[in-house]
Amino acid sequence: EVQLVESGGGLVQPGGSLRLSCAASGFTFSSYAMNWVRQAPGKGLEWVSAINSGGGSTNYADSVKGRFTISRDNAKNMVYLQMNSLKPEDTAVYYCAASPRMGIMNVLGYDYWGQGTQVSVSS
């Protein structure tokens, strides 16, 4: 059974930091690119960041570039999103998702999804 389980969300003040984690199982993790996608209240899905299968290439949405860092540990089947300098507009449910390769911008084409973790940025 394929599982992606996110953790690490919570409530943080503007300017604060959070580190999201995603534990993968049930598929060959090291063969997939991994993505973080978010959905703000009342809005659609927004791709946030991606990392290739080997971890050597990353990409970010302009809205988070310079503030967020994606990483992965293929030995542990884990992917992470370090989020710094958080803003209220970062408030969303954050999902990790697996795709066959990087660069697939249509998030509906991703193969596997987690259940999401809530991130709230508010004073």
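Coordinates for the structure precede this section.
Because the structure is a prediction, the values reported are computed rather than measured.

S.K.: Describe in detail the overall build of the chain, supporting the description with residues and values.
M.R.: Across its full length, the chain holds 0 helices and 11 strands. Element order for the chain, N to C, with α for helix and β for strand: β-β-β-β-β-β-β-β-β-β-β. Whereas a compact globule of 123 residues would reach a radius of gyration of roughly 14 Å, the chain reaches 13 Å, a difference of no more than 12%. The proportion of buried residues among the 123 residues of the chain is 43%.

S.K.: Report on the nonpolar core, specifying residues and quantitative values.
M.R.: With 35 residues, the main nonpolar core has Trp36, Phe68, Val79, Leu81, Met83 and Tyr94 as its most contacted residues. Those elements that place two or more of their residues in this core are strand E3 (18-25), strand E4 (33-39), strand E5 (45-51), strand E7 (68-73), strand E8 (78-83), strand E9 (92-99) and strand E11 (117-121). At 5 residues, E9 tops the list of elements feeding residues into this core.

S.K.: Summarise the pattern of salt bridges; cite the residues concerned and give the values.
M.R.: Should the charged atoms of two oppositely charged side chains come close, the side chains can pair. Evaluated as defined, the whole model comprises 4 salt bridges. Lys65 serves as the salt-bridge partner of Asp62, at 3.2 Å between the closest nitrogen and oxygen. One salt bridge in this structure joins Arg67 and Asp90, with 2.7 Å as the shortest N-O distance. One end of the pair, Arg67, is in the loop between strand E6 (58-60) and E7; the other, Asp90, is in the loop between E8 and E9, with 23 residues separating them in the sequence.

S.K.: Mind laying out the state of the cysteines, listing which residues take part and the relevant values?
M.R.: Considering all chains together, one arrives at 1 disulfide under this definition. The disulfide that involves Cys22 links it to Cys96, with 1.9 Å between the sulfurs. A torsion of 45 degrees about the S-S bond marks the disulfide between Cys22 and Cys96 as right-handed. Of the two residues, Cys22 sits in strand E3 while Cys96 sits in strand E9, which places them 74 residues apart along the sequence. Residue Cys22 shares its accessibility class with Cys96, and that shared class is buried.

S.K.: Got a sec to walk through the environment of Gly116? Specific residues and values, please.
M.R.: Mapped onto the elements of the fold, Gly116 is located in the loop between strand E10 (112-113) and E11. A relative accessible area of 15% places Gly116 in the buried class. The spatial distance from the C-alpha of Gly116 to the C-alpha of Ala92 is 9.5 Å, given a sequence separation of 24 residues. If we skip the residues at most four places from it in the chain, Gly116 touches Glu6, Val93, Tyr94 and Tyr95.

S.K.: Could you give an account of the sheet that holds strand E1 (residues 3-7), naming the residues involved and the relevant values?
M.R.: A sheet is described by the order of its strands in space; here 4 strands give the open sequence E1-E3-E8-E7, paired in antiparallel fashion. Only two strands of the sheet have a single partner each, and these edge strands are E1 and E7. The mean inter-strand angle of the sheet, taken between neighbouring strand axes irrespective of direction, is 15 degrees. Pairing between E1 and E3: 5 bridges, direction antiparallel. Counted as the bridge partner of Val5 is Ala23 from E3.

Criteria and cut-off values
Residues numbered from 1 in each chain as written. Predicted model: local features only at pLDDT ≥ 70, side-chain atom pairs only at ≥ 80, totals over all residues. Heavy atoms only, no water. Helix = DSSP H or I, 4+ residues; strand = E, 2+ residues; numbered from the N terminus. Rg over C-alpha atoms; globule rule 2.2 N^0.38 Å. Buried < 20%, exposed > 50% of the residue type's maximum accessible area, 1.4 Å probe, protein only. Core = buried A, V, L, I, M, F, W, Y, C linked by side-chain atoms within 4.5 Å. Salt bridge = Lys/Arg side-chain N within 4 Å of Asp/Glu carboxyl O. Disulfide = S-S within 2.5 Å. Contact = heavy atoms within 4.5 Å. Pairing = 2+ DSSP bridges. Axes fitted to C-alpha atoms, helices over the stretch in contact; angles between N-to-C directions.

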